[in-house]
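Residue strings, one per chain:
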Amino acid sequence: MKLDARVPAGPLADKWKNFKASVRLVSPANKRKYEVIVVGTGLAGASAAASLAELGYRVKAFCFHDSPRRAHSIAAQGGINAAKNYQNDGDSVRRLFYDTIKGGDFRSREANVYRLAEVSVNIIDQCVAQGVPFAREYGGMLTNRSFGGAQVSRTFYARGATGQQLLLGAYSALSRQIGQGRVQMFPRHEMLDLVVADGKAQGIVTRNLVNGELKAHAADAVLLCTGGYGNAYYLSTYARGSNATAIWRAHRRGALFANPCFTQIHPTCIPVSGEYQSKLTLMSESLRNDGRCWVPKHAGDRRPAGLIPEEERDYFLERIYPSYGNLAPRDIASRAAKRVCDEGRGVGKSGLGVYLDFSEAIGRLGQKTVQERYANLFDMYHEITGESAYEAPMRIFPAVHYTMGGLWVDYHLMSNLPGLFVLGEANFSDHGANRLGASALMQGLADGYFVIPYTLGDYLSQQKPSGPRNAAETEAFWAATEDVQNRIRKLLEVRGGRPVSEFHRQLGKILWDQCGMSRTRKGLEQGIEQIRQLRKEFWEDLNVPGSGEDLNQSLEKAGRVADFLELGELMCRDALERDESCGCHFREEHQTAEGECARKDDSFAQVAAWEYSGEGKAAVRHVEPLKYEEVSLATRSYK
Amino acid sequence: MKLHLKIWRQPGKDHPGKLEMYDLDGLNPDMSFLEMMDVLNDRLTREGKEPVAFEHDCREGICGSCAMAINGEPHGPNDGATTCQVYLRSFKDGETLTVEPWRARAFPVLKDLVTDRSAFDRIMQAGGFISVNTGQAPDANAMPIGKETAEQAFDAAHCIGCGACVAACRNGSAMLFVAAKVSHLGLLPQGQPERKQRVRRMVEAMDAAGFGNCSNQYACEAVCPKEISADLIARMNRDYALSLVPKL
């Protein structure tokens with residue numbers, strides 16, 4: 001299969017401008033004839049649904065939550081990047097573009113990333129106009145903070161709840177369209193299949209989570225904005241409901257899954273405290289502006305932090321990466337933390353933790369200023385651990401946080417299936433092998449507010465608006481609905497002895513051990529075997545109580561875990577085939593003398609896009625070569 | 001540690017419900033309240049019984065999904081915290097806890113501890129926004145907004161829409177929820193053009209959804225996980241009154 005990314009010709013800086021100037025349009029009178037399905041109402045979904053409805057398309061939006069406002073974008077803490085250069089510190093579109101490409105360890109598509117940097121400035125304007133209360137200076141101007149992987153201050157924020165404020169902005173825009181009858185909203189509806197007919201995405205099958213009703217919805221285009229798949233690891237900073245079902249079902253219907261092994265492990269999360277643990281809580285990267293990471297210099301030093309004298313502390317990030325220090329990118333900081341813990345220098349009961357120390361900042365700025373900047377994070381830390389980070393350093397450890405991989409899309413954000421568009425974290429396109437902080441919010445809103453309104457029109461202008469469907473199409477809807485029905489029945493009929501959470505926890509452990517911060521050929525091969533075995537057990541010994549005809553949370557979870565059990569294997573396969581190290585993907589076989597990633601640009605400067613080939617059959621790996629016209633592939637250095 | 005739980009079980013919307021007793025032993029005080037519910041549900045599943053349906057998602061106090069009244073207190077005993085931010089160390093070993101869904105006319109129970117809070121969305125759809133289409137915005141720094149105003153707007157905007165305020169109110173009033181949005185947008189210069197019609201529409205939608213009125217008990221403020229001030233209700237009432245005065 002040849003993958004055509006449909007990147008417009010011309011110099012990088014002009015591509016998007018030229019594209020917009022020559023894009024095919026749908027006239028205002030015709031827009032209302034087209035129906036668009038949007039699945040997911042996080043930043044990407046809500047912003048897309050609202051913007052498309054404003055343009056005049058008929059939009060149906062779906063979410064599994066009780067309200068579109070609950071999507072997990074809401075939990076993003078630290079901020080959103082934009083190349084506004086309000087700080088006069090040398091920022092520009094070009095620099096944001098370059099930082100993002102470099103941060104992604106040269107494994108993302110140049111043209112997409114440049115566009116992202118370009119529209120970043122419009123996002124801030126739009127959000128302010130909606131009433132998003134970003135942090136400001138006394139003079140009334142917007143203020144910024146620094147984030148990892150950048151030497152400028154370009155991150156806009158609203159205390160430690162930037163994601164919440166941005167999502168509520170998009171949610172309010174969406175609510176306005178719902179109120180005006182331009183968006184039909186389906187909360188508590190989960191997408192369980194994609195309908196493909198005549199080679200195009202034509203609709204979805206949903207389950208009403210309150211009464212179990214299955215329904216097929218037809219549309220001229222389907223937008224998946226359903227987030228990432230990090231919950232495959234069970235323990236993560238994702239919401240408990242976050243899942244891969246929508247993209248995995250689309251993958252099974254023919255959409256290619258790109259770079260599934262690119263998963264971000266975030267360095268600063270609250271460490272695991274026990275077996276019962278259900279989720280991990282992030283402590284925003286913004287804390288690394290003022291917090292210093294350290295561990296004792298000597299392995300086995302179990303003294304409390306306060307009793308370890310300055311000269312016996314190893315501020316390891318500042319030592320190894322003097323120019324970026326504590327603001328080294330996430331993959332690098334996580335691996336460094338893992339390394340010092342592996343050396344026996346980890347702190348806390350489990351030894352799986354490093355200190356994030358604010359005493360120097362409190363001394364320099366005073367407790368009041370530190371409180372102003374981070375109070376809600378310090379409160380959160382206190383709630384969870386019962387400890388005060390004003391008095392003793394925080395203990396942190398890396399945790400799964402984001403997935404850079406996702407469904408393959410071209411420059412138009414369309415998958416290889418015509419009519420299927422994928423936005424936000426659900427696609428693979430912008431972050432390469434590692435995402436920089438404060439870039440997820442930027443991408444979600446860029447895709448929804450400023451990219452899809454142009455690219456969708458280009459596609460729809462070539463399609464006849466949905467009229468009566470032909471027999472083959474109608475048949476596809478029936479068949480998909482029946483498949484969903486059968487699958488639900490199958491899940492309910494196992495009637496084994498173990499709750500779904502048990503399988504999920506086991507899968508998570510396999511993935512964390514074999515496909516986590518550090519990977520080896522042997523471990524990955526073993527992981528694949530273990531997952532196959534677990535999947536077999538799942539279908540023999542799963543217990544889902546209750547029926548399919550009412551609100552059944554066990555059934556919902558079982559369907560999602562069944563999909564993770566398939567996706568988990570693909571993640572390992574992808575990690576196995578990518579025989580190099582890059583960004584988050586650290587293969588122990590490929591490292592520099594200093595233990596950093598050793599990329600193999602000759603053979604792996606490429607996107608791996610996997611094609612589903614049937615139950616129990618090995619997926620097929622296709623390749624999109626990554627061509628860099630503007631940047632030269634450099635060894636990433638933050639030293 | 002050990003806990004005795006009396007949990008509201010109700011098979012569906014139009015079914016009667018009742019409290020059922022469950023005893024849990026071997027709990028860890030560092031466990032969250034919802035992790036304890038997970039343990040209970042896994043046990044029920046192994047026993048072939050239906051687990052307790054309850055809503056939860058982010059488990060870090062921001063999505064507003066979780067909604068349990070513990071011993072009659074929405075979100076339990078901790079100040080400024082949601083149900084998912086309650087840890088077992090807040091309770092005594094051997095304590096008996098009653099766990100119920102939100103109780104309010106406008107939030108019907110769907111199953112066990114799950115209620116229908118879509119009335120909040122309808123209020124938002126009526127006017128909880130600034131009417132600006134994508135692409136229409138001027139430069140973000142074109143309009144200076146004082147730090148203090150921005151901070152006040154944030155305090156109001158921090159509402160997570162969980163509905164604890166309604167559950168705590170003897171009248172089942174949603175005035176804190178509505179006042180938070182009216183104040184967030186009404187404090188900002190961008191929100192001025194629609195200020196009057198916004199408050200009028202949102203209050204009308206609130207009344208239509210079956211929420212009660214405010215009688216100044218401040219129970220809403222006391223349980224709000226984001227500690228939103230009930231003063232905002234006065235602010236909303238003033239805006240509402242002004243919105244009814246015809247233009248002179």
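Basis of the calculations
- Residues numbered from 1 in each chain as written.
- Chains lettered and ligands numbered in written order.
- Predicted model: local features only at pLDDT ≥ 70, side-chain atom pairs only at ≥ 80, totals over all residues.
- Helix = DSSP H or I, 4+ residues; strand = E, 2+ residues; numbered from the N terminus.
- Buried ≥ 20, exposed ≤ 12 C-beta atoms within 10 Å, placed from the backbone.
- Contact = placed C-beta atoms within 7 Å.
- Rg over C-alpha atoms; globule rule 2.2 N^0.38 Å.
- Expected span 1.5 Å × (residues − 1).
- Arc of directions from axis to C-beta.
- Pairing = 2+ DSSP bridges.
- Axes fitted to C-alpha atoms, helices over the stretch in contact; angles between N-to-C directions.
- pLDDT = per-residue confidence, 0-100.
- Parallel < 35°, antiparallel > 145°, perpendicular 65-115°, else oblique.
- Left-handed = near helix turned anticlockwise from the far one by under 90°.
- Nonpolar A, V, L, I, M, F, W, Y, C, P; charged D, E, K, R; others polar.
- Domains from an automatic or database assignment.
- Core = buried A, V, L, I, M, F, W, Y, C linked by C-beta atoms within 7 Å.
- Right-handed = clockwise from strand over helix to strand, strands pointing away.

> How should I be thinking about the overall build of chain B in this particular structure?
Counting its regular elements, chain B contains 8 helices and 7 strands. Projected onto the principal axes, the alpha-carbon positions of chain B cover approximately 70 × 35 × 35 Å. With 248 residues in all, chain B has 54% of them scored as buried. Counted over contacts in chain B with a minimum sequence separation of 6, partners at least 24 positions apart contribute 71%.

> When you look at the overall build of chain A in this model, what are you seeing that I'm missing?
Across its full length, chain A carries 17 helices and 19 strands. For chain A, whose C-alpha radius of gyration is 24 Å, the value lies close to the compact-globule estimate of 26 Å for 639 residues. Projected onto the principal axes, the alpha-carbon positions of chain A cover approximately 75 × 60 × 50 Å. For chain A, with 639 residues in total, the buried portion stands at 61%. Excluding contacts between residues fewer than 6 apart, the proportion of contacts in chain A whose partners are at least 24 apart in sequence is 74%.

> Please explain the interface of chain A and chain B as it appears in this structure.
Many descriptions give the size of an interface as the accessible area lost when the pieces come together. At the junction of the two partners, chain A supplies 64 residues and chain B supplies 67 residues. Where the side of chain A that touches chain B is concerned, the elements lending two or more residues are α3 (43-55), α5 (110-130), α6 (162-179), α11 (367-385), α12 (440-460) and α16 (553-577) of chain A. Residue contributions to the side of chain A that touches chain B peak at 9 residues, all from α6(A).

> What's the story with unusual backbone geometry in this structure? I'm lost.
With the exception of glycine, the majority of residues adopt a negative phi angle, and the majority of peptide bonds are in the trans configuration. Residues and elements named next belong to chain B. Residue Arg59 is not a glycine yet carries a positive backbone phi of 55°. Looking at the secondary structure, you find Arg59 in the loop between α1 (33-46) and β3 (69-70). Residue Arg59 is classed as buried on the basis of its 25 C-beta neighbours within 10 Å. In this structure, His75 takes a positive phi of about 65° despite not being glycine. Within the secondary structure, His75 sits in the loop between β4 (73-74) and β5 (96-100). You can call His75 buried: it has 27 C-beta atoms within 10 Å.

> What is the right way to read helix α6 (residues 195-208) of chain B from this model?
Residues and elements named next belong to chain B. Between its first and last C-alpha, α6 extends 20 Å over 14 residues, near the 20 Å set by a 1.5 Å rise per residue. Listed in full, the buried residues belonging to α6 are Arg198, Val199, Met202, Val203, Ala205 and Met206. For α6, the angular spread of the buried residues around the axis is 160°, confining them to a single face. Close packing links the buried residues of α6 with α2 (118-127), α5 (175-187) and α8 (231-244).

> I tried to follow the environment of A:Ser242 on my own but got confused; where do I start?
All names here are of chain A. Note that Ser242 resides in the loop between β9 (221-224) and α7 (245-252). The exposure class of Ser242 is buried, given the 23 C-beta atoms found within 10 Å. Separated by 14 residues in the primary sequence, Ser242 and Gly228 place their C-alpha atoms 7.4 Å from one another. Every residue in contact with Ser242, bar those within four places of it in the chain, is listed here: His72, Gly227 and Asn231.

> What am I meant to see in the sheet that holds strand β13 (residues 313-314) of chain A here?
The strands making up a sheet are joined through hydrogen bonds of the backbone, oriented either antiparallel or parallel. Residue and element names in this part refer to chain A. The strand order across the open sheet formed by 5 strands is β11-β15-β14-β12-β13, and the pairing between neighbours is antiparallel. Edge positions in the open sheet fall to β11 (263-269) and β13, since each of these has one partner strand only. Where strand β12 (residues 292-296) and β13 come together, 2 bridges link them in antiparallel fashion. Its bridge partner lying in β13, Val295 is registered against Asp314. The strands touched by helix α9 (residues 330-342) are β11, β12, β14 (354-357) and β15 (394-403); relative to β11, the strand with the most contacts, the crossing angle is about 65°.

> Please clarify how the confidence of the model for chain B should be interpreted in this entry.
Caution is warranted with low-pLDDT regions, since their predicted coordinates should not be read in detail. Here chain B averages 97 in pLDDT, and 100% of its residues register 70 or above. ipTM for the predicted complex: 0.98, alongside a pTM of 0.97.

> I keep staring at the packing of α2(B) against α6(B) and nothing clicks. Help me out?
Packed helices, taken two at a time, are described by the angle their axes make and the gap between the axes. Residue and element names in this part refer to chain B. Two numbers describe how α2 lies on α6: the axes approach to 8 Å, and their chain directions differ by 155°. The angle between α2 and α6 places the two elements in the roughly antiparallel class. In this structure, α2 crosses over α6, and the sense of that crossing is right-handed. Mapping the contact onto sequence places Arg122, Ile123, Ala126 and Gly127 in α2 and Gln197, Arg198, Arg201, Met202, Glu204, Ala205 and Met206 in α6. Partitioned by chemical class, the residues of the contact of α2 with α6 number 5 nonpolar, 2 polar and 4 charged.

> Is there a simple way to think about the sheet that holds strand β16 (residues 406-407) of chain A in this case?
Residues and elements named next belong to chain A. Reading across the sheet, the 4 strands line up as β16-β10-β18-β19 and stay open at both edges, with antiparallel pairing between neighbours. The sheet is open, and its two borders are formed by β16 and β19 (620-625), each paired with just one other strand. The sheet contact formed by strand β10 (residues 257-258) and β16 spans 2 bridges and is antiparallel. When the bridges of β16 are listed, Phe257 appears paired with Leu407. The sheet contacts of α16 involve β10, β18 (606-611) and β19, and relative to β18 the element is tilted by about 140°.

> Could you clarify how one ought to interpret the pairing of β15(A) in this entry?
Regular strands place side chains that alternate from one sheet face to the opposite one. All names here are of chain A. With 10 of 10 residues buried, β15 is to be regarded as a mostly interior element. The pairing of β14 with β15 spans 3 bridges and is antiparallel. Within the sheet, the bridge partner assigned to Tyr355 lies in β15 and is Arg395.

> I tried to follow the domain arrangement of chain B on my own but got confused; where do I start?
Residues and elements named next belong to chain B. Parsing chain B into structural domains produces domain 1 (3-111) and domain 2 (118-244). Computed from C-alpha atoms alone, the centre-to-centre distance between domain 1 and domain 2 is 29 Å. Taken together, the contact pairs 18 residues of domain 1 with 16 residues of domain 2. For the side of domain 1 that touches domain 2, the per-class residue count stands at 10 nonpolar, 5 polar and 3 charged.

> Got a minute to help me understand the nonpolar core in this structure?
One finds A:Ala49, A:Leu223, A:Leu224, A:Leu407, B:Cys165 and B:Val178 to be the most contacted residues of the largest nonpolar core, which totals 296 residues. Counting residues domain by domain, this core receives three or more from each of domain 1 (3-111) and domain 2 (118-244) of chain B. Setting aside residues no more than four positions away along its own chain, B:Val178 makes contact with B:Ile123, B:Met202, B:Val203, B:Met206 and B:Met236.

> Looking at this model, I keep getting lost on the pairing of strand β2 (residues 58-62) of chain A. Mind explaining?
All names here are of chain A. Of all 5 residues in β2, 5 are buried, a share of seventy percent or more. Summarising the sheet, strand β1 (residues 35-39) and β2 pair through 5 bridges and their orientation is parallel. Directly across from Val38, in β2, lies its bridge partner Ala61. In this fold, the crossover linking β1 to β2 by way of α3 has right-handed handedness. Both β2 and strand β5 (residues 183-186) contribute to a ladder of 4 bridges, which runs parallel.

> Help me understand the environment of A:Tyr374, please; the structure alone is not making it clear to me.
Residue and element names in this part refer to chain A. Within the secondary structure, Tyr374 sits in helix α11. For the pair Tyr374 and Tyr57, spaced 317 residues apart in the sequence, the C-alpha separation amounts to 42 Å. In this structure Tyr374 touches Gly160 and Leu287, once residues within four positions along its chain are discounted.

> Can you walk me through helix α3 (residues 147-157) of chain B in this structure?
Turn by turn, an α-helix covers 3.6 residues, leaving residues three or four places apart pointing in a common direction. Along α3(B), the positions that sit buried rather than exposed are B:Ala150, B:Ala153, B:Phe154, B:Asp155, B:Ala156 and B:Ala157. Those residues of α3(B) hidden inside the fold are in contact with α6 of chain A together with α5 and α8 of chain B.

> Please clarify how the environment of A:Gly10 should be interpreted in this entry.
Its location among the elements puts A:Gly10 in the segment before α1 (15-22). For A:Gly10, a count of 13 C-beta atoms within 10 Å puts it in the partly exposed group.

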